[in-house]
Amino acid sequence: MCGIVGIVSTEPVNQQIYDSLLLLQHRGQDSTGIATADGPVFHINKARGQVREAFRTRDMRSLLGDMGLGHVRYTTKGAAEREEEAQPFYVNAPYGIVLVHNGNLTNTRELSEDLFRIDRRHVNSTSDTEMLLNVLATELQGQIKGLELDPDQVFDAVTQVHERVEGSYAVISMIAGYGLLAFRDPFGIRPLILGRRHTDAGKPEWIVASESLVLENGDYEIVRDVAPGEAVFISLDGELFSRQCAQNPRLVPCSFEYVYLARPDSVMNGISVYEARLRMGDRLAGTVAQHMPLGDIDVVMPIPDSSRPAAMNVAQKLGIEYREGFYKNRYVGRTFIMPGQAERKRSVRQKLNAMGTEFKGKNILIVDDSIVRGTTSKQIVEMARAAGANKVTFTSAAPPVRFPHVYGINMPSRQELIAHGRKIPEIAAELGADHMIYQEVADLQAAITEGTSITDLDMSCFTGDYVTGTITEEYLGWLERTQLS
């Protein structure tokens, strides 16, 4: 999971890109980067850390041009500590291409071999984004029939990229002297949305981004989501071209975007994240009512921030008082997306503090958006008991995470997942909770897709069913041996 944005404007874009990345900061905190195009010249600045600490005034002044893209990184492939693996990546031929990517490629072993032995291209990092850039560059080179580049040649190249690349990918790239290209994998696993606004003179300005809130903040109208398998190309003068580039596209978005990753004020694939989380609370309330006497619950309490909508509706539907017992330190990053288990564990108590007056002598029902490794959950139960809670029931608005997530979320090892190989009472015992209640898989799917034409979601981390159909037991074993979370 990362956050990406690209803009074609009639004025300098450096500040617009910076502001957009601030809005996407929740999607990645390891590193960030901005690239702009001033005519045929690229200007690139990237660094470790968050947006506010990465870019200085001198950096912003050097980012010249009316077209640009940006990225915030959450490491799923490559090394989090290596600044050279921050995006964007650049290749000088053909024409010069800069690229950012949100997702995770699952055939990197094959791509690495092909790039070296067939394409004769050198990849200087372990990042799958650099591989994707070089595949795109190779295919674009093969489509060029003269000096000039036209949108059809670009789209033919993207068609070949879809043929070679497996996994999830939402991509934004710039081709020097020509324009901005954005495309999405044939299953639309990772989000990408297109927006437009007009200048006072009536000229169009375009934006593509991971989440709709970026468009709204910049006063862009939402045009539509980029379709699965589709590519859009925006020329330097603001003309939009688009084409479906995949043979059998179908929309199967990642359910975890709605559970945790996205901001609640975003709309993805026509689905309000906030409203989906409210419906998760409705469904979870029904499961809670089936599994325990409601008289055993005094208050319903969320883990801030992403579980608040679900917790509010659990309390409302069950007729139980809603209280805020955990105070969040907003200057600590999201623990789930921090690199390394030790870093996550150390940050939990820095992030949350339990207020004793809300816990003392009460039977607490805690609602969290999900439970992955159990690091945060176990410490939360300990904090609740230390604050005086009588009984602690822990609930999750998502089903048990029992399988690795290979499409852009850092869950490579089954052994790290608290639900893997354990029954629910065993999970409760591991967390130290009196009761443990999870959302049902069917209820999560219904909560997200209700009122839409979407019929399928990627729920592989809950079910073990991988939508691309290319994930084998051998691949999962290799992933566990080679990737650190």
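Here the structure is a predicted model, which means the values were calculated and not measured. (Residues numbered from 1 in each chain as written. Predicted model: local features only at pLDDT ≥ 70, side-chain atom pairs only at ≥ 80, totals over all residues. Heavy atoms only, no water.)

## Focus: the UniProt feature "binding site: Mg(2+)" (unreviewed entry) in the protein
UniProt annotation of "binding site: Mg(2+)" (unreviewed entry) refers to Ser 306, Asp 368 and Asp 369 when read in the numbering used here. For the annotated residues, spread through 64 residues, the largest C-alpha to C-alpha distance comes to 7.8 Å, consistent with a single compact locus. Within the fold, Asp 368 resides in strand S20 (residues 363-368). Looking at Asp 368, the relative accessible area reads 6%, which means it is buried. Setting aside its immediate chain neighbours within four residues, Asp 368 contacts Ile 303, Ser 307, Ser 377, Phe 394, Thr 395, Ser 396 and Ala 397. Inspection of the secondary structure puts Asp 369 in the loop between S20 and helix H12 (375-386). Beyond its immediate sequence surroundings of up to four residues, Asp 369 is in contact with Val 259, Tyr 260, Ser 306, Ser 307, Ser 396, Ala 397 and Ala 398. (UniProt positions renumbered as here; feature names shortened; annotations may be inferred. Helix = DSSP H or I, 4+ residues; strand = E, 2+ residues; numbered from the N terminus. Buried < 20%, exposed > 50% of the residue type's maximum accessible area, 1.4 Å probe, protein only. Contact = heavy atoms within 4.5 Å.)

## Re the UniProt feature "active site" (unreviewed entry) in the protein
Residues given the UniProt feature "active site" (unreviewed entry) here are Cys 2. Secondary-structure assignment places Cys 2 in the segment before strand S1 (3-8). Cys 2 sits in the buried class, given a relative accessible area of 5%. Sequence-distant contacts of Cys 2, defined by excluding residues within four places in its chain, comprise Arg 27, His 71, Val 72, Arg 73, Tyr 74, His 101, Asn 102 and Ser 210.

## Points about the pattern of salt bridges
All told, the structure shown has 28 salt bridges when counted by the stated rule. A salt bridge links Arg 164 to Asp 119; its shortest N-O distance comes to 2.7 Å. Taken as a pair, Arg 164 in helix H6 (residues 151-164) and Asp 119 in the loop between helix H4 (108-117) and helix H5 (128-143) lie far apart in primary sequence, 45 residues in all. Measuring nitrogen to oxygen at the nearest pair gives 3.4 Å for the salt bridge that ties Arg 323 to Glu 321. Salt bridges linked by common partners bring Arg 27, Arg 190, Glu 211 and Glu 257 together as one network. (Salt bridge = Lys/Arg side-chain N within 4 Å of Asp/Glu carboxyl O.)

## Some thoughts on the packing of helix H9 (residues 273-291) against helix H14 (residues 441-449)
Running from amino to carboxyl end, H9 crosses H14 at an angle of 150°, the nearest separation of the two axes being 8 Å. As judged from the angle between their axes, H9 and H14 are roughly antiparallel. In the packing of H9 onto H14, the handedness of the crossing is right-handed. On H14, the residues touching Ala 276, Arg 279, Met 280, Arg 283 and Thr 287 of H9 are Asp 443, Leu 444, Ala 446, Ala 447 and Ile 448. (Axes fitted to C-alpha atoms, helices over the stretch in contact; angles between N-to-C directions. Parallel < 35°, antiparallel > 145°, perpendicular 65-115°, else oblique. Left-handed = near helix turned anticlockwise from the far one by under 90°.)

## Things to note about the domain arrangement of the protein
Taken domain by domain, the protein holds domain 1 (2-251) and domain 2 (272-329 + 348-455). Computed over C-alpha atoms, the centres of domain 1 and domain 2 are 35 Å apart. Contacts between the two partners involve 11 residues from domain 1 and, on the opposite side, seven residues from domain 2. In this assembly, domain 1 packs against domain 2 so that about 680 Å² is buried in total across both faces, 59% of it on carbon and sulfur atoms. Summed over the shared surface of domain 1 and domain 2, the number is four residue pairs in polar contact (both at pLDDT 80 or more). Those elements that provide at least two residues to the side of domain 1 that touches domain 2 are strand S6 (97-105) and strand S7 (167-175). Across the side of domain 1 that touches domain 2, the residue classes tally to three nonpolar, seven polar and one charged. (Domains from an automatic or database assignment. Buried area = accessible area lost by both parts, 1.4 Å probe. Polar contact = N/O pair within 3.5 Å; in protein donor to acceptor, adjacent residues only side chain to side chain. Nonpolar A, V, L, I, M, F, W, Y, C, P; charged D, E, K, R; others polar.)

## Looking at the sheet that holds S6
Judged by pairing direction, the sheet is antiparallel, and its six strands sit side by side in the order S5-S6-S7-S8-S12-S13 without closing on themselves. The open sheet has two edge strands with one neighbour each: strand S5 (89-91) and strand S13 (240-244). Taking the axes of each pair of neighbouring strands and ignoring which way they run, one obtains an average angle of 20° across the sheet. Examined bridge by bridge, S7 and strand S8 (residues 179-184) share six bridges and lie antiparallel to one another. Residue pairing in the sheet places Ile 172 in a bridge with Ala 182 of S8. Running over the sheet, H6 touches S7, S8, strand S12 (230-235) and S13 and is turned about 35° from S13. (Pairing = 2+ DSSP bridges.)

## Looking at H6
When the terminal C-alpha atoms of H6 are compared, their 20 Å separation across 14 residues agrees well with the 20 Å that a helix rising 1.5 Å per residue should span. Among all positions of H6, only Pro 151, Gln 153, Val 154, Phe 155, Ala 157, Val 158, Val 161, His 162 and Arg 164 are buried. Those residues of H6 that are buried are in contact with H4, H5, S7, S8, S12 and S13. Sitting at the head of H6, Asp 150 places a side-chain oxygen 3.0 Å from the backbone nitrogen of Asp 152. (Expected span 1.5 Å × (residues − 1).)

## Considerations on the nonpolar core
Counting residues in each nonpolar core, the largest one holds 56 residues, and the members touching the most others are Phe 256 and Met 280. The leading source of residues in this core is H9, at six residues. Counting contributing residues per domain, this core is built from domain 1 (2-251) and domain 2 (272-329 + 348-455), each supplying no fewer than three. Those residues within four positions of Met 280 in sequence are excluded, and the remaining contacts are Tyr 258, Val 259, Ala 397, Gln 439, Leu 444, Ala 447 and Ile 448. (Core = buried A, V, L, I, M, F, W, Y, C linked by side-chain atoms within 4.5 Å.)

## Things to note about the packing of H4 against H5
Between H4 and H5, the least distance of the axes is 10 Å, while the angle of their chain directions is 50°. When the axes of H4 and H5 are compared, the pair comes out oblique. Our pair here, H4 against H5, has a crossing hand that is left-handed. Residues Thr 108, Leu 111, Ser 112 and Leu 115 of H4 lie in contact with H5, whose contacting residues are Asp 128, Met 131, Asn 134 and Val 135.

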